[in-house]
Amino acid sequence: MDTDSELQRRAQPVPVFPQTFAEEGDRRRLSPVAIKAMKRVAEHWKLKGEESSALLGVSTSTWDRMAAGKWSNSLSQDQLTRVSAMVGLFKGLHLLFADEMADRWVRLRNKGPLFDNCTPIDAMIEGGIPMMIDVRRHVDALRGGL
């Protein structure tokens, strides 16, 4: 039979540490999955190689090797953060829109102050990680997920 102290210990929440992608082992483990996810996002959004590489923060030739499965290095902390933002945005759009608009939205000019009449893709390429996170938050807010 469990003692009160054992029950209390089990009832304690397990601390959750934010994923920072700082540890090389984590980056090595997560990189193949992140590249696969980014390739899927690129397919759905019909990204050109230059757009995919700019969003990921790599050269076009490096993206081409990644997309072809001929790249086995670890992504950097910055690159994993970019993939995380793109995957979160992709998921948010698919929760917000029940049709092909989920994948078209990133290509549509947006007159909102966040986008200044640019497409979300162009805004994220121009603004880097901060803009990627802002666009993701924008979509999360639209769907009531904040």
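In short, a report on the structure. (Residues numbered from 1 in each chain as written. Predicted model: local features only at pLDDT ≥ 70, side-chain atom pairs only at ≥ 80, totals over all residues. Heavy atoms only, no water.)

## Considerations on the overall build of the chain
The criterion, for reference: In this description a helix means any DSSP run of H or I spanning at least four residues, a strand means any run of E spanning at least two, and both kinds are numbered starting from the N terminus. Buried residues are those whose accessible area, probed at 1.4 Å on protein chains only, stays under 20% of the maximum for their type, while exposed residues exceed 50% and partly exposed ones sit between those limits. Residue contacts are defined here by distance: any two heavy atoms, one from each residue, within 4.5 Å place the two residues in contact. Areas reported as accessible are Shrake-Rupley estimates using a 1.4 Å probe. Residue values count occlusion only from the protein chains shown.
If you tally the helices and strands in the chain, you get seven helices and zero strands. Seen in sequence order, the chain has helices and strands lined up from the N terminus as α-α-α-α-α-α-α. Taken across its 146 residues, the chain has 34% of its residues classed as buried. In the chain, the share of contacts with a sequence separation of at least 24, taken over all contacts with a separation of at least 6, comes to 57%. Looking at the chain as shown, the accessible area adds up to about 9,200 Å², and 53% of this sits on carbon and sulfur atoms.

## Overview of the nonpolar core
Note the threshold: Buried Ala, Val, Leu, Ile, Met, Phe, Trp, Tyr and Cys residues that are joined via side-chain atoms within 4.5 Å together make up what is termed a nonpolar core.
Among the nonpolar cores identified, the biggest contains 33 residues, and Trp45, Leu55, Met66, Leu75, Met86, Leu93 and Met124 are the most heavily contacted of them. If you list the elements that add at least two residues to this core, you get helix H2 (24-45), helix H3 (49-56), helix H4 (60-67), helix H5 (77-96) and helix H7 (120-142). Other than its neighbours up to four places away in sequence, Met124 contacts Leu55, Met86, Leu89, Met131, Met132 and Val135.

## As for the layout of surface pockets
For clarity, the threshold we go by: Using protein atoms alone on a 1 Å grid, points that fit a 1.4 Å probe yet trap it form a cavity, whereas open point sets bounded by protein on both sides within 12 Å along at least five of seven lines form a pocket; residues with an atom within 4 Å of a point count as lining. Grid points are joined across faces, edges and corners, and a volume is the space filled by probe spheres set on the points. Note that Gly is not counted as nonpolar here; it falls among the polar residues with everything else outside the nonpolar set of Ala, Val, Leu, Ile, Met, Phe, Trp, Tyr, Cys and Pro and the charged set of Asp, Glu, Lys and Arg.
Each pocket or cavity is described by its volume, and for the largest pocket that value is around 180 Å³. Lining the largest pocket are Phe21, Leu30, Val33, Ala34, Ala37, Leu80, Val83, Ser84 and Val87. Of the residues in the lining of the largest pocket, the class split is eight nonpolar, one polar and no charged.

## Observations concerning unusual backbone geometry
Notably, Lys46 is not glycine yet its phi reads approximately 55°, a positive angle. Mapped onto the secondary structure, Lys46 falls in the loop between H2 and H3. Relative accessible area serves as the criterion here: at 66%, Lys46 is assigned to the exposed category.

## Description of the packing of H2 against H5
Stated precisely, the cut-off is as follows: Helix axes are fitted only over the stretch in contact, all axes being lines through C-alpha atoms; the angle between N-to-C directions runs from 0 to 180 degrees. In this scheme, roughly parallel covers angles under 35 degrees and roughly antiparallel covers those over 145, while 65 to 115 is roughly perpendicular and the rest are oblique. Rotating anticlockwise by less than a right angle from the far helix to the near helix defines a left-handed crossing, while the corresponding clockwise rotation defines a right-handed one.
Their axes nearest at 9 Å, the elements H2 and H5 cross at an angle of 45°. By the angle between their axes, H2 is oblique relative to H5. Crossing of H2 over H5 shows left-handed handedness. Where H2 abuts H5, its residues Arg27, Leu30, Ala34, Ala37, Met38, Val41, His44 and Trp45 lie against Gln77, Leu80, Val83, Met86, Val87, Leu89, Phe90 and Leu93.

## Points about the packing of aromatic side chains
Just so we agree on the cut-off: Any Phe, Tyr or Trp ring, taking Trp's six-membered ring, that has another such ring centre within 6.5 Å forms a pair; planes under 30 degrees apart are called stacked, those over 60 apart edge-to-face, and the others tilted.
The tally for this structure, following the rule as stated, stands at two aromatic pairs. Measuring from ring centre to ring centre gives 6.4 Å for Trp45 and Phe90, while their planes differ by 50°; the resulting arrangement is tilted. With Trp45 in helix H2 and Phe90 in helix H5, this residue pair connects regions lying 45 residues apart in the sequence. On the basis of an interplanar angle of 85° and a centroid distance of 5.8 Å, the ring pair of Trp105 and Phe115 is categorised as edge-to-face. Of the two residues, Trp105 sits in the loop between helix H6 (101-104) and H7 while Phe115 sits in the loop between H6 and H7, which places them ten residues apart along the sequence. You'll find Trp105 and Phe115 in the same group, each marked buried.

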